[in-house]
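Read off the chains here:
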Amino acid sequence: MDLGVRWKLHGDGRTPAPGAVVRPDERLSWPRTVGLGAQHVVAMFGASFVAPVLMGLDPNLAIMMSGVATVIFLLATRGRVPSYLGCSLSFVGVAAVIRAQGGTSATVTGAVLVVGAVLFLVGLAVQRFGARIIHAAMPPIVTGAVVMLIGFNLAPVTASTYWPQDQWTALLVMLFTGLAVVCLRGFWSRIAIFLGLVFGYGISWAFDRIFGKIHSVSPSGKVTDHWRLDLSAVSHADWIGLPHLHGPSFQWSAVLVALPVVIALVAENAGHVKAVGEMTGDPLDDKLGTAISADGVASVLSTAVGGPPNTTYSENIGVMAATRVYSTAAYWAAAGFALLFGVCPKFGAVVAAIPGGVLGGITVILYGMIGLLGAQIWINAKVDLRNPLNLVPAAAGIIIGVGNVSMKFTDTFSLSGIALGTLVVITGYHALRAFAPAHLKGQEPLLDEGTSTYDTEADTETGSPAGERAPRAKS
């Protein structure tokens, strides 16, 4: 059985040949391959370490299980889909909601474990029936709206939890991270979140030396005088040791909050497989179902021992695009590094000590980027928001999700925020489509003739030949 763990040496093993790429089944020399693996780990540092901290989970366990998840993914896809699986930021809002309802870390991981199991089943369905079932059940208008409300639902977490802990540090970190994303090039722009964390550590340390303790809300939620950067736990942490494990706990209310994230994970995996296929010139549509199932299995395994869920990382696509090296051997090396970091409690203590103000500056950008990925899905799919069939369910669901609107059905059961918003988007779209007149089921109708007009480029979206005007709505 070919598990994709044999690689041919590319050229002289030093650099890709002019105009060529190092394909998934090829590699450079082992020293260069190991170096690229370390580069992939650094690329995912920021998000993959911030996410478990924001979810209240052990960062050491998160990084260790990300290595395990990457190995599972590479084996399942037989080495055809180069990818690193890191902690999914899509679940940060879910964790916040569950904890606000009195849930524990076990409740969070239990709810997410169910999501991983559902994701595995979705992958099997895609393998059996093809990707068309995804497009039928979750068209771009639905997927984009759900991703958007998941991201924007997190805004109150930044505003009320992290930013108030140190507003000036948060502001400086936000500005630095924004500049890093925009102004840096290549690999450095891909690790902008990590650079923002390092900058935040430095600023917090400097402010402690210059201004002394800060009087603000502490991580415990109390207003006290405290140091911005508290590294006391680092000195007491061991250099080598296993992370803390715990079992999951299942509550229906928590599961219902987490289930909508399945849509985001399917979208992330589909986008990753498509992007890698285009960059390598190897159509990977036949591996989409396998990739989704592998992600589900990896998430189930991680959450079963108390870790966070995992997903494919776009940061690592950027590294591959910059280096032109798509070798899965580099990802095996990255997984090895992750496992080593996972058994170093001192490293985890450094991550857990991230100051609240630093998280405030990072999450302002990070949460917004998650939400705007939904808009990017709409743009890529050319979704027409002038069509009321698209506009109405998306508008209602996003407001419900962002505003955390709640519906109480009984004394013990209610839906709110992400769960209710997702339900409204999905059921609303399909219900409206079932009753909508035929002319609304395309993308051509205008909501209001006075709001916009069609141009010759937009006519291609309506089905009209290029250069031929679509009929205007009558007054």
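Named according to an unreviewed UniProt entry, the protein chain is Uracil-xanthine permease family protein originating from Streptomyces nogalater. UniProt annotates the protein chain under Subcellular location (unreviewed entry) with the comment "Membrane". In its Sequence similarities (unreviewed entry) section, the UniProt record describing the protein chain reads: "Belongs to the nucleobase:cation symporter-2 (NCS2) (TC 2.A.40) family."

Visitor: With reference to specific residues and values, describe the overall build of the protein chain.
Guide: When helices and strands are counted, the protein chain shows 21 helices and 8 strands. Looking at the protein chain residue by residue over its 475 residues, the buried ones come to 51%. The contacts in the protein chain between residues at least 6 apart in sequence include a share of 76% that link residues at least 24 apart. Within the structure as shown, the protein chain displays about 21,100 Å² of accessible surface, and the carbon and sulfur contribution to it stands at 65%.

Visitor: Just give me the short version of helix α3 (residues 92-100), but keep the residues and values in it.
Guide: For α3, the full list of buried residues reads Val-92, Gly-93, Val-94, Ala-95, Val-97 and Ile-98. Residue Gly-102 follows α3 closely and has a positive phi angle near 95 degrees.

Visitor: Describe the packing of helix α8 (residues 167-183) against helix α10 (residues 192-211), with residues and values.
Guide: For the pair α8 and α10, interaxial distance at closest approach is 9 Å and the crossing angle is 150 degrees. With respect to their mutual orientation, α8 and α10 come out roughly antiparallel. Remark: the crossing between α8 and α10 carries right-handed chirality. Contact with α8, carried on its side by Thr-169, Leu-172, Val-173, Phe-176, Thr-177, Ala-180 and Val-181, involves Ala-192, Ile-193, Leu-195, Gly-196, Phe-199, Gly-200, Ile-203, Ser-204 and Phe-207 of α10 and no other residues of that element. Tallied by class, residues from the contact of α8 with α10 come to 11 nonpolar, 5 polar and no charged.

Visitor: Could you give me a rundown of the packing of aromatic side chains, with the residues and numbers involved?
Guide: A complete count under the given rule lists 3 aromatic pairs for this structure. An angle of 5 degrees between the planes, with centres 4.2 Å apart, marks the rings of Phe-176 and Phe-199 as stacked. Taken together, the residues Phe-176 in helix α8 and Phe-199 in helix α10 connect sequence positions 23 residues apart. We classify Phe-176 as partly exposed; its relative accessible area is 30%.

Visitor: Kindly report on the environment of Gly-67, identifying the contributing residues and their values.
Guide: Looking at the element boundaries, Gly-67 is found in helix α2 (residues 59-76). Look past the residues within four positions of Gly-67 in its chain and what remains in contact with it is Tyr-84, Ala-335 and Ala-338.

Visitor: Can you lay out helix α6 (residues 140-152) for me, pointing to particular residues and giving the numbers?
Guide: With 13 residues, α6 extends 18 Å from end C-alpha to end C-alpha; this agrees with the ideal 18 Å at 1.5 Å per step. Along α6, 11 of the 13 residues are buried, which leaves the element largely enclosed by surrounding structure. Among the residues making up α6, those that are buried are Ile-141, Val-142, Thr-143, Gly-144, Ala-145, Val-146, Val-147, Met-148, Leu-149, Ile-150 and Gly-151. Buried residues belonging to α6 abut α7 (155-162), α13 (261-280), α18 (356-380), α19 (388-403) and α20 (417-435).

Visitor: Describe in detail the nonpolar core, supporting the description with residues and values.
Guide: Residues Met-55, Tyr-367 and Trp-378 are the most contacted members of the largest nonpolar core, which totals 91 residues. Among the nonpolar cores identified, the runner-up in size contains 5 residues, and Val-22, Leu-28, Val-325 and Ala-330 belong to it.

Visitor: Residues and numbers for a nonpolar patch on the surface, please.
Guide: A cluster of nonpolar side chains, namely Phe-120, Leu-121, Leu-124 and Val-297, defines an oily patch on the protein surface of about 310 Å² accessible area. Turning to its location among the elements, Phe-120 is positioned in helix α4 (residues 105-129).

Visitor: So what about the pattern of salt bridges? Which residues, and what values?
Guide: Inspection of the entire model under this criterion finds 4 salt bridges. The partner of Arg-80 in a salt bridge is Asp-286, with the nearest N and O atoms 2.9 Å apart. Of this pair, Arg-80 sits in the loop between α2 and β3 (85-87) while Asp-286 sits in the loop between α13 and α14 (288-304), and the two are 206 residues apart along the sequence. In this structure Arg-80 comes out as partly exposed when scored by relative accessible area, which is 25%. Across the salt bridge formed by Asp-166 and Arg-228, the nearest N and O atoms sit 3.2 Å from each other. Taken together, the residues Asp-166 in the loop between α7 and α8 and Arg-228 in the loop between β5 (223-226) and α11 (232-236) connect sequence positions 62 residues apart.

Visitor: Residue-level account of the packing of α13 against α14, with values.
Guide: It is at 10 Å that the axes of α13 and α14 come closest, and there the two elements cross at 135 degrees. As the angle between them shows, α13 and α14 are arranged oblique. Between α13 and α14 lies a crossing whose hand is right-handed. Residues Val-266, Asn-269, Ala-270 and Val-273 of α13 form the contact with α14, whose own contacting residues are Leu-288, Ala-291, Ile-292 and Asp-295. Residue composition of the contact of α13 with α14, by class: 6 nonpolar, 1 polar and 1 charged.

Visitor: Please give an account of the confidence of the model for the protein chain that cites residues and values.
Guide: The predicted coordinates ought not to be read in detail in places where the model reports low pLDDT. Summary statistics for the protein chain give a mean pLDDT of 80 and a share of 87% for residues scoring 70 or more. Low pLDDT, under 50, characterises residues 443-475; the stretch is placed with 45 contacts to residues that sit more than four places away or in other chains.

Visitor: So what's going on with the side chain of Asn-390? Which residues, and what values?
Guide: One can find Asn-390 in helix α19. Residue Asn-390 is classed as buried on the basis of its relative accessible area of 8%. Discounting residues that sit within four places of it in the chain, Asn-390 has contacts with Ile-141, Val-383, Asp-384, Leu-385 and Tyr-429.

Visitor: Lay out the environment of Ile-418 in plain terms, naming residues and giving numbers.
Guide: With respect to the secondary-structure elements, Ile-418 resides in helix α20. Measuring from C-alpha to C-alpha, the distance between Ile-418 and Val-402 comes to 7.7 Å, with 16 residues separating the pair along the chain. Excluding its chain neighbours within four sequence positions, the residues that come into contact with Ile-418 are Gly-93, Val-94, Leu-149, Ile-150, Asn-153, Val-257, Pro-260 and Gly-401.

Visitor: Describe the environment of Val-122, naming the residues involved and giving the relevant values.
Guide: Here Val-122 lies in helix α4. It is 8.8 Å that separates the C-alpha atoms of Val-122 and Gly-296, two residues lying 174 residues apart in sequence. When residues no more than four places from it in sequence are discounted, the contact partners of Val-122 are Val-262, Val-266 and Ile-292.

Basis of the calculations
Residues numbered from 1 in each chain as written. Predicted model: local features only at pLDDT ≥ 70, side-chain atom pairs only at ≥ 80, totals over all residues. Heavy atoms only, no water. UniProt positions renumbered as here; feature names shortened; annotations may be inferred. Helix = DSSP H or I, 4+ residues; strand = E, 2+ residues; numbered from the N terminus. Buried < 20%, exposed > 50% of the residue type's maximum accessible area, 1.4 Å probe, protein only. Contact = heavy atoms within 4.5 Å. Areas by Shrake-Rupley, 256 points an atom, 1.4 Å probe, with all protein chains shown as cover. Axes fitted to C-alpha atoms, helices over the stretch in contact; angles between N-to-C directions. Parallel < 35°, antiparallel > 145°, perpendicular 65-115°, else oblique. Left-handed = near helix turned anticlockwise from the far one by under 90°. Nonpolar A, V, L, I, M, F, W, Y, C, P; charged D, E, K, R; others polar. Phe/Tyr/Trp six-rings, centres within 6.5 Å; stacked < 30°, edge-to-face > 60°. Expected span 1.5 Å × (residues − 1). Core = buried A, V, L, I, M, F, W, Y, C linked by side-chain atoms within 4.5 Å. Patch = residues over 30% accessible without salt bridge, like charges linked within 9 Å, V, L, I, M, F, W, Y side chains within 5 Å. Salt bridge = Lys/Arg side-chain N within 4 Å of Asp/Glu carboxyl O. pLDDT = per-residue confidence, 0-100.

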